Structure formats: structure tokens, C-alpha cells
Amino acid sequence: MTQLVMLVEDERHISQVVERRLVAAGFEVVVARDGVQALEFAADRTPDAIVTDLEMPRMNGLELLAKLHDDPALATIPTMMLTARGHLAGKDGVPDDVQVFAKPFSARKLVEAIAAMLASDHGEASSSSGRAAA
Amino acid sequence: MSIESQIAAIARPAGVVTADDEHNGALLRAAQHEIDVSGRSGAAIIWDGAALVWYEAASEPGSPRFGIALVSDASIEAVANAAAASCGLAADAIRTQLEGAAAKPWSDTARLTSFFASVVEHVATTTEDSLSFDAATEAVDQAYEMIDLLHGLGSVVGDPTRQQDLVSQAADDIRETLGFGWVLVALDEDRAPGVGLPEPIMFSLAAGIQGERVLECLRARDEFAAWPEAGGVRTWEEDERDLLGTFGVVEPLRVDGTPVGVVIAGGKLPGAPEVSSFDQRMLQSVASYIGPMMRVAELFEAQQRLFFGTVQALTGTVDAKDPYTRGHSERVAHLSCLLAEALGWDANRIERVRLAGMLHDIGKIGVPERVLRKAGRLTDKEFDEIKKHPGIGHKILQGVPGLDDVLPGVLSHHERWDGRGYPQNLAGDDIPLIARVLGLADTFDAMSSNRAYRPGMDRAKVLAEITKCGGSQFDPELAPIFVGLDFSEYDTLVARAATQEAYREAA
């Protein structure tokens, strides 16, 4: 089944570039313009992965991560954060299980990383269900 | 959804004929002819009693093309004749096509014509917008690739220790970003190691592409006979295109303006965009970094050689004064590095230990030769002279920039764990770790070597002595690790020094 990637990004030129690559790589894409819209969309249909910007109006990336974390239905979605280079010293405030990707980035490499993130998440999910069965 | 189908979806329910290459071709050509005559695209053509609205995408001449025809009730015959007269087609063919249109009063036709003209104009504008938006997105995407590539290169260009694999990474990036089947980097043989290349010719290859065959083909072209002075797009010969693709991009690599190599990319994969100026810019950018990288690497290596040459010359002056310590500094450096490795220190720190080992006895330059060369027991006064060498060495090296981490080793390598060493009577953890490491290596070599006043001790006895002195002379944690080291390379160094000595005596 086609996997749905939610892109949370207020800068249209960035979301457009990434969306174009994701679609070409066979993903379905939904673009939210900020954290508030992202939560609305996610309530409507749960995405398989979330890629969010840090700086956004209304609700920024870190606030969105906190909200996602608090919602049991959304907490386990593999998530990646985009930041301007040098904006975050290390991974300040970003939970350990969230990957950080620095802007400006290669959209090609970002899409590869998203695919890898989904693949490894899938692997973990199946191995944990394997344990449950055993 | 295509423009044609968008227009058709609006037009057909209104009983309007639409025309494209497949359907109603005669009508299309009639409209096209009118446009060619009027020289306008996206225009409404009004014949007597009928109208044609015509669209042709300006950015892609010839496609997509379509027309729609609006016909008033009384005028099919007139339109067909007018169209036929203007484009030279049979009026019958056009009439047949127009009969598909529902006849309307002319007043409606006029209104509908202007309505559809605005629809077409709108669709045309939107299409142009989305085409230029796509193009802009593509350009932004490419700019990101370029920035990412240059950021990677820029972050290591000045650091020769991090250049390993960088060129091959850049070649992979170019190939994957631009969809080339292969990217080749070729350099003057002696420059390849400077940028971390094991070979002067390096390929980045897409799956299934054989580098040797591409190389053969390029060699046959004399592509390596001389490095190119100028870059650009190459059109390969007909019979080479299986391997090289139709076009390739060539960019010279320069050091101080002189070509010393080349980057060549070719064999675009199916589905990849054809070679463009963006491809050329990417290669130019990479080439503009590799040249300075080679230069930096050369300067760095020359500086390293000069530095270690100077250190060796310095230690050589000590050896010249005291033949019994010949090769001692090198052996202490070696043993200290072995211990540092066993302690799990990183490569950088180990190199600093080596340097400290080379320099630890440099202060003996300031000790009188008659004391250093004296056979037999030293008087207290003479021993006091000897004891000055760590302080003298520290003083000599203090003025040399970048030795801050080496100085404590030089000053304190004769301190003892129990505080009975010299020159500062430091004890335990107060003795810098590097000095404790050097102290073990120094004592081991001193005990093992022949001295003016005694022959060298055998290995077992030396190790037993070191073990015994853990906690008194030596750090109790380091001593057991030291005695467990592998001394085979040390023995080689001793044997080599002995051979050199024999030659020197024979001469």
C-alpha cells in the first residue's frame, strides 16, 4: 500500500521541492502549513511518517512533537525534523527518536532518509510483533 | 488533467466542437492556419457566423494544440467555406466536423465565444504558471543539491585530515543527482594521495556500468593524452554512445591555474534529464574545490615533513653528544605510543605522545658532554647537572607554538609516583599522565640498553623490575599494562640502531 508522508512546512518552495521528490519516489504526500493544520490532518488520516519544519507560525515543530507525543494514536509515527543549519545546537529539545535534517538540504538525500526511516520502523514493528507472537 | 480534456469537459455539454490532433483534425488545421496567418496563439478567430478559439502552449511549440468551434444555426456552410478557403482544406471535411456542434442563435454564439476565449485564456495562463512553477521547483531542487554538495566540500576543504573519501563522495553525489551512468576523476599520479585517492583514476559507477570499458573507450579517444585546458559539453561519436551516452561533461582540475587532472561525467541513465548547463555548473563547482584541496594537502604535507624533520634534527643533536642514547628518543616514542594505544587513546593523541617521546630528552643539549659521556659512577654534582635536562628541554620548547600538550611530558618524565623524582618532586596523579607514560618507556629503554657504566639488562629482568616498581617509581595502574605490551617492533628498532652503529665504527 502507498505510504502517506505528512510534510509540515510553511515555506512553499521547500515543501514543493520535497513533495515533488516524495511523489516521484512513490509516496503519497499531504502538506500542512503549520503544527495546528498538521494535527487536524493527522486526526483525519494517520500518516505513516511526519517530516516537520522547526520554525512555523501558530504551532512550531517542537510544540507539534510534544502534541504528537501526548497522543497515543500518533506518538509512534516515525518523525523527522528540518532545521536551518546551526539553528539547533546539537538536538536541543528534540527527542532522541526524532531525526534532525539541516536546511538547506539535498531533497534527494532527505527522501532517501525518509524511506530508510520508514523501512527501519517497519522492520522494528514486525520484529516487535514477532516477539509478541512468541 | 490535460488542457484539452479540461476544455472539452466545459465545451461538450454546451454542444461545442473541440478539435485536437486526433479528433477533428481538419478543423484543427483550419484554426492553426488562421493562427499562423494572424501570428497569435490563444486567440479567438471570428469567422462570419462562427468562431474558433485556439490555444497553443507558447513554452512548448506544437504541443498541446487544440481548438474549439462555436457555430450559429445558419452558418455551418459559411464557416466551412471560409475555413476551407483560408487553409486550402476540403470544405466538406470541415462541414462534417462542424455538424457535430449544436446550432445556436448567433447572439449566443458571440457570447459563448467570448466566454470560451476567456476560459482558454485562463487555462492557458494557469498552465503556463504551473509550467513555470514546475520549472522553478526544479531549479530550487537543483540549487539545494548544489548547496548541499558545496557545503560538504567546503566543510573539509581546509582540513587535509578529513579529505579521505571526499572526492569519491562528491563523484557519487554528482552521478546520483544528475543521473549520470559514470563519473570519472583522473589526476596526475603524484597528486592522487593528497586528496585521499588510492589510485590516480577513480570511478563512481551506476549499477551495471563497467568502468574498465568506459576507460578503454576514453583512452581510445585520447581523453588522457593531455589534461584539457577548458571544460564543456562533449558530443561523443556515434559508435561510442553505447558506453558514453550521447553527451558528456568535461571539467579540468587545476592547481594554481595549471591543469593537473579532469572530471568527466557521461552515460546519462534512461529517464535522466539530458545534459544541461546545470550539469556543467555542478562539475565546475566540484572541480573548483578539488584543486585547492590538493594544494592544501600538499602544503600540509610539506609542513608536516618540515616539522618532523626539525624534530629529528633536534633529537639528532642530542644523539651526537651522547652516543649511548643513539636511537633512544625514537624507541621511547615508539614504546610510549604502544602504551597509549593500549590505553585506548585516539590517533591524534597518540601522535602527540610520539612527538613528546621524540623530544623528551632535548634538554640534554644543555648538559656538558663530559657528564653525558662519563663511564663509571657520577658524582652528586654531576648528577645534579643531569637532573637539569627536563627543565632545560621545557625551556627550549616553550617558545615553539603548538606544543602545549607535549611540554608537561618533557618537564615531568623523571618524576616518580612516590614523589622522589625530579625536577619538581611531583607525586601520584599530580604527575601529568603523558609524563607517567614517557617515564615507563624511558626507564624500560634505559635498563635494556648498554650504558657507559653497565651493559643492558635482559628482558625478563627489566619487566620484573618494572612490575616491582609499580606504585613506587611508576603509576601502579600503568605498569602492569606496560609489561604486557608486544616488544617485537622495539627489538627491531634496537637491532637497526646496532647495525648503524657497526657501520659508523667501520667507517
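Look up: the structure comes first, before these words.
Below is a summary of the structure that appears in this document. (Residues numbered from 1 in each chain as written. Chains lettered and ligands numbered in written order. Predicted model: local features only at pLDDT ≥ 70, side-chain atom pairs only at ≥ 80, totals over all residues. Heavy atoms only, no water.)

Re the overall build of chain A
- Broken down by element type, chain A carries four helices and five strands.
- Beginning at the N terminus, the succession of helices and strands in chain A can be written as β-α-β-α-β-α-β-β-α.
- Burial status across chain A gives 42% buried among its 134 residues.
- Residue pairs at least 24 apart in sequence account for 62% of intrachain contacts in chain A once pairs closer than 6 positions are excluded.
- A total of about 6,700 Å² of accessible surface is found on chain A, and carbon and sulfur atoms cover 52% of it. (Helix = DSSP H or I, 4+ residues; strand = E, 2+ residues; numbered from the N terminus. Buried < 20%, exposed > 50% of the residue type's maximum accessible area, 1.4 Å probe, protein only. Contact = heavy atoms within 4.5 Å. Areas by Shrake-Rupley, 256 points an atom, 1.4 Å probe, with all protein chains shown as cover.)

Quick look at the overall build of chain B
- The number of helices and strands found in chain B is 19 helices and nine strands.
- In chain B, which comprises 507 residues, the proportion classed as buried is 46%.
- Considering only contacts in chain B between residues 6 or more positions apart, those separated by 24 or more positions represent 62%.
- Of the roughly 24,400 Å² that chain B leaves accessible, carbon and sulfur atoms contribute 52%.

Here's the deal with helix H10 (residues 328–342) of chain B
Residue and element names in this part refer to chain B.
- The end-to-end C-alpha distance of H10, which contains 15 residues, comes to 21 Å, matching closely the 21 Å that a straight helix rising 1.5 Å per residue would cover.
- The element H10 is extensively covered by neighbouring structure, given that 12 of its 15 residues are classed as buried.
- Taken as a whole, H10 has its buried residues at His 328, Ser 329, Arg 331, Val 332, Ala 333, His 334, Leu 335, Ser 336, Cys 337, Leu 338, Leu 339 and Ala 340.
- Elements that come into contact with the buried residues of H10 comprise helix H9 (277–321), helix H11 (347–359), helix H16 (433–448), helix H18 (478–483) and helix H19 (488–506).
- Note on H10: the residue one or two positions beyond its end, Gly 344, has a positive phi of about 80°. (Expected span 1.5 Å × (residues − 1).)

Looking at the interface of chain A and chain B
- Residue-level contacts link 15 residues of chain A with 13 residues of chain B.
- Both sides together, the interface formed by chain A and chain B hides about 1,400 Å², and carbon and sulfur atoms give 50% of it.
- For the pair chain A and chain B, the interface holds nine salt bridges.
- Residues A:Arg20 and B:Asp141 are paired through a salt bridge, measuring 3.7 Å at the closest nitrogen-oxygen approach.
- Applying the counting criterion to the chain A and chain B interface returns 10 residue pairs in polar contact (both at pLDDT 80 or more).
- Put simply, the parts of the chain that give the side of chain A that touches chain B at least two residues each are helix H1 (12–24) and helix H4 (107–133) of chain A.
- Top element by residues in the side of chain A that touches chain B is H1(A). It accounts for seven residues.
- In terms of residue class, the side of chain A that touches chain B is made up of five nonpolar, three polar and seven charged. (Buried area = accessible area lost by both parts, 1.4 Å probe. Salt bridge = Lys/Arg side-chain N within 4 Å of Asp/Glu carboxyl O. Polar contact = N/O pair within 3.5 Å; in protein donor to acceptor, adjacent residues only side chain to side chain. Nonpolar A, V, L, I, M, F, W, Y, C, P; charged D, E, K, R; others polar.)

Quick notes on the environment of B:Ser277
Residues and elements named next belong to chain B.
- By secondary structure assignment, the location of Ser 277 is in helix H9.
- The class for Ser 277 is partly exposed, based on a relative accessible area of 46%.
- Between the C-alpha atoms of Ser 277 and Val 233, which are 44 residues apart in sequence, the distance is 8.7 Å.

A short note on the sheet that holds strand E3 (residues 49–53) of chain A
Residue and element names in this part refer to chain A.
- Here we have five strands laid out as an open sheet, ordered E2-E1-E3-E4-E5, and parallel in their pairing. Taken across any chain shown, the strands that pair with only one partner, and hence form the sheet edges, are strand E2 (28–32) and strand E5 (99–103). Here the average twist between neighbouring strands, direction ignored, is 20°.
- As judged from the four bridges shared by E3 and strand E4 (residues 79–84), these two strands associate in the parallel manner. Pairing of Thr 52 across the sheet is with Met 81, part of E4.
- In this fold H1 packs onto strand E1 (4–8), E2 and E5, with an angle of close to 165° to the strand it touches most, E2. (Pairing = 2+ DSSP bridges. Axes fitted to C-alpha atoms, helices over the stretch in contact; angles between N-to-C directions.)

These results come straight from atomic positions and should not be treated as a statement about function.
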